[in-house]
Amino acid sequence: ALEIDEENKNDQDEEVVEEEDFDWEELSSNPDEYYLNTNRKNDFIEQSSNFNQKDLTKDILDQLEDNNISEKRLLIAHEILGNLDERGYLNIEPVLISDKLNIDEKEVLSLIEDIKVLDPPGIASGSIQECILAQLKIYYPDEKLAFNIIDNYFEDFVNKRFKRLIN
């Protein structure tokens, strides 16, 4: 019985040592390093360092096809998705896409808005502000104050001028 107790004691000692070896500071985080998002598996913002244009384009097109999008709108979507930068932003003016395809710019803008609410939300945004607004619409649709702050007072928010936001 003494040997069994010693084995249990050794097992307990190993657990304590393993716990002591864990660096709890690795878990601390700085909120300034993160953008507004949720913990969804396919969240674009978290995975932006692993951005893969081909996979993302296929995923977005699959979602659009699931929504029974027309062939014309699929062609526009290909053009939009083909012009995303490495972070998933659309950094060209939508009018350039409409000119290239000889269509009304409103059609391009409408499809961009449709794409921004797919998964991952905010893809094809023109800026981080647009991206956050798209994510707010999806994840926090009832947060009118947050939407108002990002939409109308983004510079104050980004520059941490919180006293100006309160007034």
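These notes cover the structure that comes with them. Note that the structure is a prediction, hence the values are computed from the model and not measured.

## Side note on the overall build of the protein
Helix and strand content of the protein: 9 helices and 0 strands. In the protein, the order of α-helices and β-strands from amino to carboxyl end is α-α-α-α-α-α-α-α-α. For the protein, the proportion of its 167 residues judged to be buried stands at 31%. The contacts of the protein with a sequence gap of at least 6 include a subset with a gap of at least 24, amounting to 52%.

## So, the nonpolar core
With 21 residues, the main nonpolar core has Ile60, Leu64, Ile80, Leu84, Val108, Leu111 and Ile115 as its most contacted residues. Contributing elements (two or more residues each) for this core: helix 2 (53-66), helix 3 (71-82) and helix 5 (105-116). The element that contributes the greatest number of residues to this core is helix 3, accounting for 5 residues. Those residues in contact with Leu84 that sit more than four places away from it in its chain are Gln53, Leu56, Tyr89, Leu90, Ile123 and Ala124.

## Observations regarding helix 6 (residues 128-139)
Helix length check: helix 6 (12 residues) gives 16 Å between terminal C-alpha atoms against 16 Å at 1.5 Å per residue, within 8%. Regarding helix 6, the residues found buried are Cys131, Ile132, Leu133, Ala134, Gln135, Leu136 and Tyr139. Buried residues in helix 6 make contact with helix 5, helix 7 (144-152) and helix 8 (154-158).

## Points about a nonpolar patch on the surface
Judged by side-chain polarity, Phe157, Val158 and Phe162 come together as a nonpolar surface patch covering roughly 270 Å² of accessible area. Here Val158 is to be found in helix 8.

## Regarding helix 5
For helix 5, spanning 12 residues, the distance from its first C-alpha to its last is 17 Å, which sits close to the expected 16 Å at 1.5 Å a residue. Looking at helix 5, one finds that the buried residues are Val108, Leu111, Ile112, Ile115 and Lys116. Buried residues of helix 5 fall within an arc of 140° about the axis and therefore sit on the same side. Its buried side turned inward, helix 5 meets helix 2, helix 3, helix 4 (94-101) and helix 6. The N-capping residue of helix 5, defined by a side-chain oxygen 2.8 Å from the backbone nitrogen of Lys106, is Asp104.

## Notes on the packing of helix 3 against helix 5
Direction vectors running N to C along helix 3 and helix 5 enclose 75°, while the axes themselves pass 10 Å from each other. One finds that helix 3 runs roughly perpendicular with respect to helix 5. Touching Lys72, Arg73, Ile76, Ala77, Ile80 and Leu81 of helix 3 are Glu107, Val108, Ser110, Leu111, Ile112, Asp114 and Ile115, all from helix 5. When its residues are assigned to classes, the contact of helix 3 with helix 5 shows 8 nonpolar, 1 polar and 4 charged.

## Let's talk about unusual backbone geometry
Residue Pro120 follows Asp119 across a cis peptide bond; omega there is 10°. Position of Pro120 relative to the elements: it lies in the loop between helix 5 and helix 6. One non-glycine residue, Asn102, lies in the positive phi region at around 55°. Note that Asn102 resides in the loop between helix 4 and helix 5. Phi is positive for Ala124, which is not a glycine, with a value near 75°. With respect to the helices and strands, the residue Ala124 is situated in the loop between helix 5 and helix 6. The exposure class assigned to Ala124 is buried, which follows from its relative accessible area of 1%.

The rules behind these values
In every chain, residue numbers begin from 1 and rise along the written sequence. Per-residue local features are limited, in this predicted model, to residues with pLDDT of at least 70; the limit for side-chain atom pairs, both in listing and counting, is 80 or more; totals at the level of whole chains, interfaces and linings are taken over all residues. Only heavy atoms go into the side-chain values, all of them from the structure, while hydrogens and water stay out. In this description a helix means any DSSP run of H or I spanning at least four residues, a strand means any run of E spanning at least two, and both kinds are numbered starting from the N terminus. Summary of the burial criterion: residues with accessible area below 20% of their type's maximum are buried, those above 50% are exposed, and those between are partly exposed, where the area comes from a 1.4 Å probe applied to protein chains only. The criterion used for residue contact is that any of the two residues' heavy atoms lie within 4.5 Å. Note on terminology: a nonpolar core comprises buried Ala, Val, Leu, Ile, Met, Phe, Trp, Tyr and Cys residues joined through side-chain atoms within 4.5 Å. For a helix, the expected span equals 1.5 Å multiplied by the number of residues minus one. Any residue with relative accessible area above 30% and no salt bridge may belong to a patch, with like charges joined within 9 Å and the nonpolar Val, Leu, Ile, Met, Phe, Trp and Tyr side chains within 5 Å. Calculation of accessible area relied on Shrake-Rupley with a 1.4 Å probe; when residues are assessed, cover is drawn exclusively from the protein chains displayed. Counted as salt bridges are all cases of a side-chain nitrogen of Lys or Arg within 4 Å of a carboxyl oxygen of Asp or Glu. When we speak of the arc, we mean the arc of directions from the helix axis to the C-beta atoms. As used in this structure description, the phrase polar contact means that two N or O atoms lie within 3.5 Å; if the pair is within protein, one of them must be able to donate a hydrogen and the other to accept it, and residues adjacent in sequence are counted only when both atoms belong to side chains. Where helices are involved, their axes are fitted lines through C-alpha atoms of the stretch in contact, as for all axes, and angles between N-to-C directions lie from 0 to 180°. Throughout, the term roughly parallel applies to angles under 35 degrees, roughly antiparallel to angles over 145, roughly perpendicular to angles from 65 to 115, and oblique to all others. Three residue categories are used. Nonpolar comprises Ala, Val, Leu, Ile, Met, Phe, Trp, Tyr, Cys and Pro, charged comprises Asp, Glu, Lys and Arg, and polar comprises the others, including Gly.

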